[in-house]
Amino acid sequence: GCFLEPLFRIAEMSVTRPILRLYRQMLKESAKFHDYNYREYALRRTKEEFHRNVAVTDDSLRQKLLADAQKNFELIKRQVIVNNLYKSKPVLIDSKYFPH
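Residues numbered from 1 in each chain as written. Predicted model: local features only at pLDDT ≥ 70, side-chain atom pairs only at ≥ 80, totals over all residues. Heavy atoms only, no water.

**Here's the deal with the layout of surface pockets**
Then comes step 1: Space inside the largest pocket adds up to approximately 510 Å³.
Then comes step 2: If you trace the largest pocket, you find 24 residues lining it, with Met26, Arg45, Thr46, Glu49 and Asn72 closest to the centre.
Then comes step 3: The set of elements that each furnish at least two residues to the lining of the largest pocket consists of helix 1 (13–30), helix 2 (36–52) and helix 3 (59–85).
Then comes step 4: Top element by residues in the lining of the largest pocket is helix 3. It accounts for nine residues.
Then comes step 5: Tallied by class, the residues present in the lining of the largest pocket amount to 16 nonpolar, four polar and four charged. (1 Å grid on protein atoms, 1.4 Å probe; cavity = no way out; pocket = protein on both sides within 12 Å on 5 of 7 lines; lining within 4 Å. Points joined across faces, edges and corners; volume = space filled by probe spheres on them. Helix = DSSP H or I, 4+ residues; strand = E, 2+ residues; numbered from the N terminus. Nonpolar A, V, L, I, M, F, W, Y, C, P; charged D, E, K, R; others polar.)

Next comes the structure, spelled out in C-alpha coordinates:
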(Lines give C-alpha, C1' and ligand atoms only; values in the text may rest on other atoms or scores of the structure.)
Protein backbone atom coordinates (compact mmCIF):
# COMPACT_ATOMS: atom_id res chain seq x y z
CA GLY A 1 0.00 0.00 0.00
CA CYS A 2 0.80 3.66 0.01
CA PHE A 3 3.13 4.96 2.73
CA LEU A 4 0.52 7.62 3.55
CA GLU A 5 -2.10 5.03 4.54
CA PRO A 6 -1.28 5.15 8.28
CA LEU A 7 -1.91 8.89 8.25
CA PHE A 8 -5.51 8.30 7.19
CA ARG A 9 -6.20 6.68 10.56
CA ILE A 10 -6.15 10.03 12.32
CA ALA A 11 -9.63 10.53 13.70
CA GLU A 12 -10.77 13.96 12.46
CA MET A 13 -10.69 14.92 8.80
CA SER A 14 -10.56 18.62 9.71
CA VAL A 15 -7.18 18.02 11.35
CA THR A 16 -6.03 15.31 8.95
CA ARG A 17 -6.18 17.49 5.84
CA PRO A 18 -3.72 20.14 7.12
CA ILE A 19 -1.45 17.37 8.46
CA LEU A 20 -1.35 15.59 5.11
CA ARG A 21 -0.84 18.87 3.27
CA LEU A 22 2.10 19.79 5.51
CA TYR A 23 3.54 16.27 5.22
CA ARG A 24 3.49 16.46 1.42
CA GLN A 25 4.95 19.99 1.45
CA MET A 26 7.79 18.89 3.72
CA LEU A 27 8.60 15.90 1.51
CA LYS A 28 8.51 18.04 -1.61
CA GLU A 29 10.72 20.73 -0.05
CA SER A 30 13.15 18.16 1.35
CA ALA A 31 13.58 16.69 -2.13
CA LYS A 32 14.94 20.07 -3.30
CA PHE A 33 18.22 19.71 -1.39
CA HIS A 34 21.10 19.49 -3.84
CA ASP A 35 23.24 17.56 -1.37
CA TYR A 36 22.32 13.87 -1.17
CA ASN A 37 22.98 13.53 2.56
CA TYR A 38 20.90 16.57 3.52
CA ARG A 39 18.10 15.48 1.18
CA GLU A 40 17.95 11.90 2.46
CA TYR A 41 18.20 13.01 6.09
CA ALA A 42 15.35 15.53 5.72
CA LEU A 43 13.15 13.01 3.91
CA ARG A 44 13.85 10.28 6.48
CA ARG A 45 13.27 12.54 9.50
CA THR A 46 10.03 13.91 8.04
CA LYS A 47 8.65 10.41 7.42
CA GLU A 48 9.78 9.15 10.83
CA GLU A 49 8.23 12.06 12.73
CA PHE A 50 4.88 11.90 10.97
CA HIS A 51 4.64 8.12 11.23
CA ARG A 52 5.66 8.14 14.90
CA ASN A 53 2.86 10.58 15.74
CA VAL A 54 0.12 9.13 13.56
CA ALA A 55 -1.71 7.55 16.51
CA VAL A 56 -1.86 10.74 18.60
CA THR A 57 -5.49 11.44 19.48
CA ASP A 58 -5.15 14.27 22.01
CA ASP A 59 -6.19 17.45 20.18
CA SER A 60 -3.90 19.81 22.10
CA LEU A 61 -0.89 17.55 21.55
CA ARG A 62 -1.83 17.17 17.89
CA GLN A 63 -1.97 20.97 17.49
CA LYS A 64 1.43 21.30 19.19
CA LEU A 65 2.94 18.64 16.92
CA LEU A 66 1.46 20.38 13.89
CA ALA A 67 2.93 23.73 15.02
CA ASP A 68 6.33 22.08 15.57
CA ALA A 69 6.16 20.47 12.13
CA GLN A 70 5.31 23.87 10.59
CA LYS A 71 8.42 25.36 12.24
CA ASN A 72 10.51 22.49 10.87
CA PHE A 73 9.03 23.08 7.42
CA GLU A 74 10.11 26.73 7.56
CA LEU A 75 13.57 25.60 8.67
CA ILE A 76 13.81 23.13 5.78
CA LYS A 77 12.85 25.87 3.30
CA ARG A 78 15.65 28.12 4.61
CA GLN A 79 18.17 25.29 4.67
CA VAL A 80 17.35 24.31 1.07
CA ILE A 81 18.15 27.86 -0.05
CA VAL A 82 21.47 27.89 1.80
CA ASN A 83 22.37 24.36 0.70
CA ASN A 84 21.70 25.18 -2.93
CA LEU A 85 23.85 28.34 -2.76
CA TYR A 86 26.89 26.24 -1.92
CA LYS A 87 26.51 23.23 -4.17
CA SER A 88 29.04 20.45 -3.95
CA LYS A 89 29.73 17.66 -6.40
CA PRO A 90 27.02 14.99 -6.30
CA VAL A 91 27.97 11.69 -4.67
CA LEU A 92 27.98 8.54 -6.77
CA ILE A 93 25.14 6.94 -4.80
CA ASP A 94 22.80 9.82 -5.68
CA SER A 95 20.30 8.45 -8.20
CA LYS A 96 19.01 11.99 -8.80
CA TYR A 97 22.24 12.74 -10.70
CA PHE A 98 23.46 9.23 -11.53
CA PRO A 99 20.46 7.10 -12.56
CA HIS A 100 21.06 3.37 -12.21
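**Some details on the environment of alanine 69**
Then comes step 1: The residue alanine 69 is located in helix 3 in this model.
Then comes step 2: Classification of alanine 69 by relative accessible area gives buried; the value is 10%.
Then comes step 3: Filtering out sequence-adjacent residues up to four positions away, alanine 69 remains in contact with Leu22, Met26 and Phe50. (Buried < 20%, exposed > 50% of the residue type's maximum accessible area, 1.4 Å probe, protein only. Contact = heavy atoms within 4.5 Å.)

**Considering a nonpolar patch on the surface**
Then comes step 1: Residues Ile81, Val82, Leu85 and Tyr86 make up a contiguous nonpolar surface patch of roughly 470 Å² in combined accessible area.
Then comes step 2: Looking at where isoleucine 81 falls in the secondary structure, it is placed in helix 3.
Then comes step 3: Note on isoleucine 81: relative accessible area 55%, which makes it exposed. (Patch = residues over 30% accessible without salt bridge, like charges linked within 9 Å, V, L, I, M, F, W, Y side chains within 5 Å. Areas by Shrake-Rupley, 256 points an atom, 1.4 Å probe, with all protein chains shown as cover. Salt bridge = Lys/Arg side-chain N within 4 Å of Asp/Glu carboxyl O.)

**A short note on empty space enclosed by the protein**
Then comes step 1: The final tally for this structure, using the stated rule, is one cavity of 30 Å³ or more.
Then comes step 2: When its volume is computed, the largest cavity comes out at roughly 50 Å³.
Then comes step 3: Surrounding the largest cavity, His34, Asp35, Tyr36, Asn37, Ser88, Lys89, Pro90, Val91 and Asp94 form its lining.
Then comes step 4: Class assignment for the residues of the lining of the largest cavity results in three nonpolar, three polar and three charged.

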